[in-house]
Amino acid sequence: MLDSGKIPHAWLFVGDDGIGKRTLCFQIARMALCEEYRKFFKNINKETESGMRSDISKAQMEKFTLNRAISQISSLCHPDLFFLSAEQESVIVDSVRRIIDALNKTAFYGGYRVVIICKAQMLSNHSANNLLKILEEPFANTLFLITADKSSAVIPTIMSRCCLKTLNGISDIGVFQSVFKSLCKKEILRDCDQYMQDMATHASSKLFEYTSGRIGAALRMLESGEFDRMRDSITAIDNIVLGSYSFADIEVLVENVFLLESAIMIWWRNKFDLNQIFTGMRPTVVLSWYQTFSRVKRAIAVLNSCHLDGRSVGYFVAGSLIEFRLLIKS
């Protein structure tokens, strides 16, 4: 579409956090703003599809590290690239105005101009209306690449003017492990200690479960240490509900209270096959589980919004899980 010039001027990429929306937007920006880069990957794709090539060599990629346009894009200083995140309202209003002013001028390099807007679900009505004006009257050779976690959170008038693409996590564990290990080795964890390298090798199957195949979320989870906390939380939940638990398991939940909503969902999804859990289990037990989870979600939501004591909420969650355990035992 870039080669033909027949490409929709606005795209909305929707998917869970850490799935690769922003990464995709910047890759499209490189394709649009650097013709040499676009031709290179076009040839690579042709050779791969024909079976002549299985990968891209390091030497081939390194030549683009010195490419001026690619370097400018990476450092966010390309004159025809505009990037903003909707997380800060005071920044977004001024940024949209500056973008409108810049788009009224000729492209610096005479080709495409790319506007990347992340987290569009956080746009206020005022900012969204300003953005809507330039989407309704698109500028020539200008691409708007917009991301959002959920399409329902984006105002309908903006969504109706975009080409909507929903991104999903990698569904095949083998593909996930291959991509994840490659990224850890070559890009993200290249200079990290041996512990991190070993984790990248041995933890990829668990990370696949924890993130539903979201590569970006998996990398962040490993780098931040959240992987260890999530693993310990899921083990503690399993012990409390089905095993032999101790006070130490309750303390794990208390210490990791902000992870508990995700940990409980992962535990439920991975522990039970739905076809099996409904076979021979009383409907009241299943209903009780959903009531338990709803109470946990509400407690954590209140914790996030009102800054309550995290330990109190952690004990409340543990108590809810013990109550559910007693129901199962009975």
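Here, every reference points to the structure presented above.
Parameters at a glance
- Residues numbered from 1 in each chain as written.
- Predicted model: local features only at pLDDT ≥ 70, side-chain atom pairs only at ≥ 80, totals over all residues.
- Heavy atoms only, no water.
- Helix = DSSP H or I, 4+ residues; strand = E, 2+ residues; numbered from the N terminus.
- Contact = heavy atoms within 4.5 Å.
- Buried < 20%, exposed > 50% of the residue type's maximum accessible area, 1.4 Å probe, protein only.
- Pairing = 2+ DSSP bridges.
- Right-handed = clockwise from strand over helix to strand, strands pointing away.
- 1 Å grid on protein atoms, 1.4 Å probe; cavity = no way out; pocket = protein on both sides within 12 Å on 5 of 7 lines; lining within 4 Å.
- Points joined across faces, edges and corners; volume = space filled by probe spheres on them.
- Nonpolar A, V, L, I, M, F, W, Y, C, P; charged D, E, K, R; others polar.

Got a minute to help me understand the side chain of lysine 21 in this structure?
Along the chain, lysine 21 falls in helix α1 (residues 21–33). Not counting residues up to four positions away in its chain, the partners in contact with lysine 21 are Phe13, Val14, Gly15, Asp16, Thr147, Ala148, Asp149 and Leu167.

Is there a simple way to think about the pairing of strand β3 (residues 113–118) in this case?
Each regular strand displays side chains that alternate between the two surfaces of the sheet. The buried fraction of β3 is high, at 6 of 6 residues. Residues Arg113, Val115 and Ile117 point to one face of β3 and Val114, Ile116 and Cys118 to the other, with burial holding for every one of them. Sheet analysis places strand β2 (residues 81–85) next to β3, joined by 5 bridges and oriented parallel. Its bridge partner being in β3, phenylalanine 83 is matched across the sheet by isoleucine 116. Assessed by its sense of winding, the connection that carries the chain from β3 through helix α6 (residues 125–136) to strand β4 (residues 142–148) is right-handed.

Help me out: how do you make sense of the layout of surface pockets in this one?
Here the idea is plain: a probe the size of a water molecule rolls over the atoms and shows the empty space left. Of the voids in this model, the second largest pocket is the one considered here, and its volume is about 790 Å³. As for the second largest pocket, its lining consists of 23 residues, and the residues nearest its centre are Asp16, Asp17, Arg214, Ser262 and Met265. Where the lining of the second largest pocket is concerned, the elements lending two or more residues are α10 (204–211), α11 (215–224), α12 (226–242) and α14 (260–271). For the lining of the second largest pocket, the per-class residue count stands at 9 nonpolar, 5 polar and 9 charged.

By themselves, these figures tell us nothing about what the structure is for.
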